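# Chain and residue survey
Spelled out from the first residue to the last, the chains are:
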Amino acid sequence: MPHIIVIGAGAVGVCCAYYLRKKGFHVTVVDRGRIGAACSAGNAGLIVPSHVIPLAAPGVVSQGLKWLFRRDSPFYIRPRLDPALWSWVWRFTRHCNNSAVAKSTPVLHDLLQRSAHLFDELFQAHEQAFYYRKKGLLMVYRQDKYRRALQQDADTAAALGIAVRHLSQQELVQLEPHAPARSAGAFYYPNDAHLDPTQFIQALVDRLSDQGVTFLENTEVTGLEQENGQVTGIAAASGPLKGDMVLIASGSWSPLLAGPKVLPLPVEAGKGYSITLDQPKITPTFPMILSEEKATITPLGDRIRFAGTLELSGLDHRVNRARFESVVAVAPQYQPDFQVDRLDESRIWHGFRPCTPDGLPIIGRSKRHPNLLVATGHAMLGITLAPITGSLIANLAAETGGEQAITLNALSPFRFSH
Ligand SMILES: Cc1cc2nc3c(=O)[nH]c(=O)nc-3n(C[C@H](O)[C@H](O)[C@H](O)COP(=O)(O)OP(=O)(O)OC[C@H]3O[C@@H](n4cnc5c(N)ncnc54)[C@H](O)[C@@H]3O)c2cc1C
């Protein structure tokens, strides 16, 4: 069977390796850091088939413009002279309309449903080796303005057959007594789930290692090796490696690996923050998204994680404390001795979501080098969509799966050029 090199050992790269191996490919996964240690580590761990509306949606631009340059807002663009950023923003605003959303929502819905189903299968197949709970998701609000926006999303979801129920303040507190104080109600999506993303990736890596997949950590890929119009492998800090196919699954760093002629990848890094507290005094049963703050609270066994914000500031590792503090404003309710102003910065996790202008991932192959594949651009849904991405990539590599042509057109790396 052909040898495929996967560049990137995040949730997407590891899930691709999983389904490629299942099809019989000989697989090597290369990462410049540790496996699963980038954006796939400290995220909120929500598996959200309910999230059918892409990031680029009507209202985002008007709301975003109000938030745009406010340092503590849920969505922030750090002003800078970067043509790629402003070209991305221009394309993004062009997708924030009803007709673009009407096109992308069914594609996203289909991917989300299939991925949620694959998660159930993976959880069973791995003897429940990772923390995964199918408790649903609470979208909590305080203000009526946010209730109305959530109602609209709920109507769209319900029209697609997604189960959703509105809870009054009293019903919310009955279901989740540890919902944040002053919550006025919530929309409950019972079929969503949550997991520990690090345990999930490790479970797959353990299984893959047993099956002969090689993982090369601390190995930076510096370029693609080419001969006679074919990609023949990768150039890495430790030396070249030959492969019959190469898959770029390098998250927000993917555009750096292939030039725009080989693979046009309009991906911008959307930085987000989280903090995980051990043994909080109070642990909620249900994961929650706080609508006003766009922040999440995820119970992870005997830990609790607070995550959120989206900051287009490039691949910049500096911590913006004002933005982080807005994410953890509710943390003292769960751990009364938690003091954000005393917090050591090394405990603040950040990750770069790979964001595309239309809110759909990029899954496809290079026209110039058909043996070069790509899977990136999953933005806020990279954990949720990792299994279906792996499955699509495996079919693409094996050149099977007729029905996929429609889906793969919508996800093509070349869709932005016309
Ligand atoms: C605060 C926050 C909360 C989130 N919450 C959720 C959630 O609840 N649910 C959800 O579905 N998604 C969520 N996400 C999004 C999700 O985390 C990402 O979409 C996902 O992790 C992207 O996975 P990836 O494998 O594409 O990228 P990454 O995990 O970033 O992996 C890319 C890998 O490529 C490697 N790499 C890069 N360049 C090279 C190179 N040159 N050579 C070798 N290796 C290289 C990197 O080291 C890295 O390990 C959240 C994100 C954030 C920031």
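Residues numbered from 1 in each chain as written. Predicted model: local features only at pLDDT ≥ 70, side-chain atom pairs only at ≥ 80, totals over all residues. Heavy atoms only, no water.

Before going further, it helps to spend a moment on the overall build of the protein chain. Each helix and strand in the protein chain was counted, giving ten helices and 21 strands. In terms of overall dimensions, the protein chain is globule-like: its C-alpha atoms have a radius of gyration of 21 Å, near the 22 Å expected for 418 residues. Each of the three principal axes of the protein chain carries a C-alpha extent, and together these read 65 × 45 × 45 Å. Going through the 418 residues of the protein chain one by one, you find that 56% of them count as buried. Looking at the protein chain alone, contacts between residues at least 24 apart form 76% of all its contacts between residues at least 6 apart. On the protein chain, roughly 17600 Å² of surface is accessible, and the fraction owed to carbon and sulfur atoms is 52%. (Helix = DSSP H or I, 4+ residues; strand = E, 2+ residues; numbered from the N terminus. Rg over C-alpha atoms; globule rule 2.2 N^0.38 Å. Buried < 20%, exposed > 50% of the residue type's maximum accessible area, 1.4 Å probe, protein only. Contact = heavy atoms within 4.5 Å. Areas by Shrake-Rupley, 256 points an atom, 1.4 Å probe, with all protein chains shown as cover.)

Taken as a whole, the second largest pocket encloses approximately 570 Å³ of empty space. In terms of lining residues, the second largest pocket is bounded by 17 residues, among which His 95, Ala 100, Lys 103, Asp 358 and Arg 415 are the most central. Taken together, the elements giving at least two residues each to the lining of the second largest pocket come down to helix H3 (83-95) and helix H4 (98-125). Examining the composition of the lining of the second largest pocket, we find that five residues originate from one element, H4, more than from any other. Each residue belonging to the lining of the second largest pocket can be placed in one class, and the counts come to six nonpolar, six polar and five charged. Each of two domains, domain 1 (3-41 + 199-266 + 358-417) and domain 2 (49-193 + 268-355), supplies a minimum of three residues to the lining of the second largest pocket. (1 Å grid on protein atoms, 1.4 Å probe; cavity = no way out; pocket = protein on both sides within 12 Å on 5 of 7 lines; lining within 4 Å. Points joined across faces, edges and corners; volume = space filled by probe spheres on them. Nonpolar A, V, L, I, M, F, W, Y, C, P; charged D, E, K, R; others polar. Domains from an automatic or database assignment.)

Right, let's get into the domain arrangement of the protein chain. Each domain of the protein chain was delimited in the assignment, giving domain 1 (3-41 + 199-266 + 358-417) and domain 2 (49-193 + 268-355). Between domain 1 and domain 2, the C-alpha centre-to-centre distance is 25 Å. Taken together, the contact between domain 1 and domain 2 spans 38 residues of the former and 36 residues of the latter. Both sides of the domain 1 and domain 2 interface together cover about 3200 Å² of buried area, and 70% of this is carbon and sulfur. Here domain 1 and domain 2 share one salt bridge between them. Here Arg 207 and Glu 127 are joined by a salt bridge, their closest N and O atoms 3.9 Å apart. The tally of links between domain 1 and domain 2 comes to ten residue pairs in polar contact (both at pLDDT 80 or more). (Buried area = accessible area lost by both parts, 1.4 Å probe. Salt bridge = Lys/Arg side-chain N within 4 Å of Asp/Glu carboxyl O. Polar contact = N/O pair within 3.5 Å; in protein donor to acceptor, adjacent residues only side chain to side chain.)

Moving on: the packing of helix H1 (residues 11-22) against helix H9 (residues 386-397). The geometry of H1 relative to H9 is characterised by a closest axis approach of 7 Å and an angle of 50° between their N-to-C directions. Judged by the inter-axis angle, H1 sits oblique to H9. Read as a crossing pair, H1 and H9 show a hand that is right-handed. On H9, the residues that touch Ala 11, Val 12, Cys 15, Cys 16, Tyr 19 and Leu 20 of H1 are Ala 386, Pro 387, Thr 389, Gly 390, Ser 391, Ile 393, Ala 394 and Ala 397. Per-class residue counts for the contact of H1 with H9 are eleven nonpolar, three polar and no charged. (Axes fitted to C-alpha atoms, helices over the stretch in contact; angles between N-to-C directions. Parallel < 35°, antiparallel > 145°, perpendicular 65-115°, else oblique. Left-handed = near helix turned anticlockwise from the far one by under 90°.)

Moving on: the site of the ligand. Taken together, 37 residues are adjacent to the ligand, and Asp 31, Ser 40, Leu 46, Ala 379 and Thr 384 come closest. Residue Met 380 places a main-chain N or O atom 2.9 Å away from a nitrogen atom belonging to the ligand. Breaking the shell around the ligand down by element, the ones donating at least two residues are H1, strand E15 (268-278) and strand E19 (349-355). A per-element tally of the shell around the ligand places E19 first, with four residues. Residues belonging to the shell around the ligand are distributed by class as follows: 20 nonpolar, 13 polar and four charged. (Near = heavy atom within 4 Å.)

This structure, assessed with the given rule, holds 13 aromatic pairs. With a centroid separation of 5.8 Å and 85° between ring planes, the pair formed by Tyr 188 and Phe 286 is classed as edge-to-face. Taken together, the positions of Tyr 188 in strand E8 (residues 185-189) and Phe 286 in the loop between E15 and strand E16 (288-290) put the pair 98 residues apart, joining distant regions of the chain. A ring pair is formed by Phe 306 and Tyr 334, whose centres lie 5.9 Å apart and whose planes are at 50°; its orientation type is tilted. In this pair, Phe 306 sits in strand E18 (residues 303-312) while Tyr 334 sits in the loop between helix H8 (321-327) and E19, placing the two residues 28 residues apart along the sequence. Here Tyr 334 falls in the buried class, since its relative accessible area comes to 1%. Within the aromatic cluster, the residues linked to one another by ring pairs are Phe 119, Phe 123, Phe 130, Tyr 132 and Phe 200. The ring of Phe 286 has Lys 135 lying over it, and the distance from NZ or CZ to the ring centre is 5.6 Å. Over the face of the ring belonging to Phe 414 we find Lys 367, whose NZ or CZ atom lies 4.3 Å from the ring centre. (Phe/Tyr/Trp six-rings, centres within 6.5 Å; stacked < 30°, edge-to-face > 60°. Lys NZ or Arg CZ within 6 Å of the ring centre and 35° of its normal.)

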